[in-house]
Amino acid sequence: MRVLIIGSGGREHALGWKIAQSAQLSQLYFAPGNPGCAHLGKCVDLPDLTSTLSFCQEQKIDLVVVGPEKPLVQGWCDHLRAAGIACFGPSKLAAQLEGSKAFAKKVMAETKIPTAKYQRFDAFDQACAYVKNHEFPLVVKADGLASGKGVTICQNEGEAVMALKEAMVDNRFGESGKVVVIEEFLVGREASFHVICDGKRGLALVAAQDHKALHDGNHGPNTGGMGTFAPSPFVTPEMEQVILEQIADPVFQYMAQQGSPFQGVLFIGLMLTWHGPKVLEFNVRFGDPETQVMMPLIESDLLPILYQSAQGQFEPDLDLKIADQRACVCVVCTAEGYPENPRSGDVIEPLPQNVEDGIVFHAGTQTNGEGKLVTAGGRVLGATAWRSDLDRARNAAYRLVEKVHFRGKYFRKDIGGHELNS
Ligand code: AMP
Ligand code: GLY
């Protein structure tokens, strides 16, 4: 099979790493990929949908796997499918589950999926009047995509009005903030749960946990994710069943009824509350850096699963097998200045190669004019290791982090640790 992966982050390197192990793979391309991906396949520059469509036709691509949310929300999968190219990822309409928080909330309300209570507003005055009589904390969310910056947890009316003004009046998020969702603040532990669907049936991946805050102990500003571990010990097999039956299946049924069956992966951002798991958000793609810890724990060949999802029909006996007795930890190494103003161009010393039960996934890296590997983004590399349990995996991942050297390297010291002890 000839496969094209779209995207350039750690997620795409991890997906490519797993797909490259498939006996069914004949050629792997990345657009644009990164220097880590370049070890697995060819990196090509396809800046838009038109060039992607032509490339797929010329190169007889059998499957496109779309990594990031933006092309999904823009409807690339509809265009690729219309041109006869199998594409792993949902339609434009189904991608609204991530592209519009108001849409996601409406689907959850109609299908009675457990989530925070909410109100949708498109007028600043009305939103302000609502928060006046409300208890705090509460959460203000820009409706559309905002690169992970559209959510503000507000402790009082002043903060809420400020968040509403930024989104609705100052247009900090452009069109994405013209509509906002204001919702109840949920208390609990977070977990990331992914389900791959062929439009009808869901196959669950291993539950993971992200660490979004910049500093140890969950302090400091929010980031794209400083590290992950899986499996999450807080998502029990019984809870997985509840998540599938009360959250994933109703979403898949709803989208099928709308004439837009969900083909791709639904990433359910959960808060595990005293009243059971509740949805914080839906994403319609693999999480980053969740993918980096999920891929090494999948025993099945992933490629036929992605292909059959893209074709809209899993074989009846298709299963997604997760390794038991194995845990994985990914520690993200970030560039100086991340998240506000990450510095690029710092030389990365040669990385450990052929690590046993581990890999350093590339994310924000680049090869410079002199052929040297340099930093080229906030989240630079993800030191990832898997072992028979979480403690061993964490120790192995941190040993790998010590072998990563570049000026300004920063990482959290408590990935997969703090959450368990708190
Ligand atoms: P989202 O992009 O909706 O996942 O929000 C980003 C982060 O904000 C989540 O990972 C949570 O840490 C936090 N968050 C979002 N919604 C809520 C909520 N209703 N209650 C508490 N925290 C929330
Ligand atoms: N790790 C969170 C995300 O991918 O959105």
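As shown above, the structure is provided for reference.
Our subject in this report is the structure included herewith.

1. Here we look at the overall build of the chain
Stage number 1. For the chain, the count of helices and strands is 13 helices and 22 strands.
Stage number 2. Taking 422 residues into account, the globule formula puts the C-alpha radius of gyration at 22 Å, and the chain, at 21 Å, falls close to it.
Stage number 3. By its C-alpha atoms, the chain is 60 × 45 × 45 Å across when sized along the principal axes.
Stage number 4. Expressed as a percentage of its 422 residues, the buried residues of the chain come to 56%.
Stage number 5. Considering only intrachain contacts with a sequence separation of at least 6, the fraction spanning at least 24 residues in the chain is 69%.
Stage number 6. For the chain, the accessible surface area stands at approximately 17,900 Å², while carbon and sulfur atoms represent 48% of it.
Stage number 7. Within the chain, the 49 negative side-chain charges are centred at a point lying 2 Å from the centre of the 40 positive side-chain charges.

2. Focus on a nonpolar patch on the surface
Stage number 1. Together, Val 151, Ile 153, Phe 185 and Val 187 give the surface a local cluster of nonpolar side chains, amounting to about 340 Å² of exposed area.
Stage number 2. Counting through the fold element by element, Val 187 comes out in the loop between β9 (180–184) and β10 (189–198).
Stage number 3. Val 187 gets classed as exposed once you look at its relative accessible area, which sits at 60%.

3. Some thoughts on the site of ligand 1
Stage number 1. For ligand 1, the set of nearby residues contains 15 residues, the closest of which are Glu 183, Glu 184, Leu 186, Glu 190 and Glu 281.
Stage number 2. Here an oxygen atom of ligand 1 sits 2.4 Å away from a polar atom, N or O, in the side chain of Glu 190.
Stage number 3. The side chain of Lys 212 places a nitrogen or oxygen atom 3.2 Å from an oxygen atom of ligand 1.
Stage number 4. For ligand 1, the accessible surface in isolation is 460 Å², of which the surrounding protein chains cover 89%.
Stage number 5. For the shell around ligand 1, the secondary-structure elements that each account for two or more residues are β7 (138–142), β8 (151–154), β9 and β17 (276–283).
Stage number 6. Across the shell around ligand 1, the residue classes break down as eight nonpolar, no polar and seven charged.

4. A word on the packing of helix α7 (residues 124–132) against helix α8 (residues 157–168)
Stage number 1. Across the interface, α7 lies against α8 with an axial gap of 10 Å and an inter-helix angle of 165°. As the angle between them shows, α7 and α8 are arranged roughly antiparallel. Crossing hand, α7 versus α8: right-handed. Contacts between α7 and α8 involve Phe 124, Ala 127, Cys 128, Val 131 and Lys 132 on the former and, on the latter, Glu 157, Ala 160, Val 161, Leu 164, Lys 165 and Met 168.
Stage number 2. Across the contact of α7 with α8, the residue classes break down as eight nonpolar, no polar and three charged.

5. Quick notes on the nonpolar core
Stage number 1. Membership of the largest hydrophobic core comes to 52 residues, with the highest contact counts inside it found for Leu 4, Val 64, Leu 97, Phe 193, Phe 262, Ile 268 and Phe 282.
Stage number 2. Tallying contributions element by element places helix α9 (residues 237–257) first for this core, with nine residues.
Stage number 3. In this structure Phe 282 touches Leu 97, Glu 98, Ala 104, Met 108, Ile 113, Ile 247, Val 251, Leu 266, Phe 267 and Ile 268, once residues within four positions along its chain are discounted.
Stage number 4. Core analysis: the second largest hydrophobic core is formed by 41 residues, Leu 63, Phe 88, Met 295 and Leu 303 among them.

6. Considering the site of ligand 2
Stage number 1. In the region of ligand 2, the neighbouring residues are Asp 210, Lys 212, Gly 224, Phe 267, Asn 283, Arg 285, Gly 287, Asp 288, Pro 289 and Glu 290.
Stage number 2. In this structure, Asp 210 approaches ligand 2 through a side-chain N or O atom, which is 2.8 Å from a nitrogen atom.
Stage number 3. Between ligand 2 and Asp 288 there is a distance of 2.9 Å, counted from an oxygen atom to a backbone nitrogen or oxygen.
Stage number 4. For ligand 2, whose free accessible area comes to 200 Å², the fraction covered by protein is 87%.
Stage number 5. Class assignment for the residues of the shell around ligand 2 results in two nonpolar, three polar and five charged.

Here is what the cut-offs are and how they apply
- Residues numbered from 1 in each chain as written.
- Chains lettered and ligands numbered in written order.
- Predicted model: local features only at pLDDT ≥ 70, side-chain atom pairs only at ≥ 80, totals over all residues.
- Heavy atoms only, no water.
- Helix = DSSP H or I, 4+ residues; strand = E, 2+ residues; numbered from the N terminus.
- Rg over C-alpha atoms; globule rule 2.2 N^0.38 Å.
- Buried < 20%, exposed > 50% of the residue type's maximum accessible area, 1.4 Å probe, protein only.
- Contact = heavy atoms within 4.5 Å.
- Areas by Shrake-Rupley, 256 points an atom, 1.4 Å probe, with all protein chains shown as cover.
- Lys, Arg positive; Asp, Glu negative; His and termini not counted.
- Charge placed at Lys NZ, Arg CZ, Asp CG, Glu CD.
- Patch = residues over 30% accessible without salt bridge, like charges linked within 9 Å, V, L, I, M, F, W, Y side chains within 5 Å.
- Salt bridge = Lys/Arg side-chain N within 4 Å of Asp/Glu carboxyl O.
- Near = heavy atom within 4 Å.
- Polar contact = N/O pair within 3.5 Å; in protein donor to acceptor, adjacent residues only side chain to side chain.
- Nonpolar A, V, L, I, M, F, W, Y, C, P; charged D, E, K, R; others polar.
- Axes fitted to C-alpha atoms, helices over the stretch in contact; angles between N-to-C directions.
- Parallel < 35°, antiparallel > 145°, perpendicular 65-115°, else oblique.
- Left-handed = near helix turned anticlockwise from the far one by under 90°.
- Core = buried A, V, L, I, M, F, W, Y, C linked by side-chain atoms within 4.5 Å.

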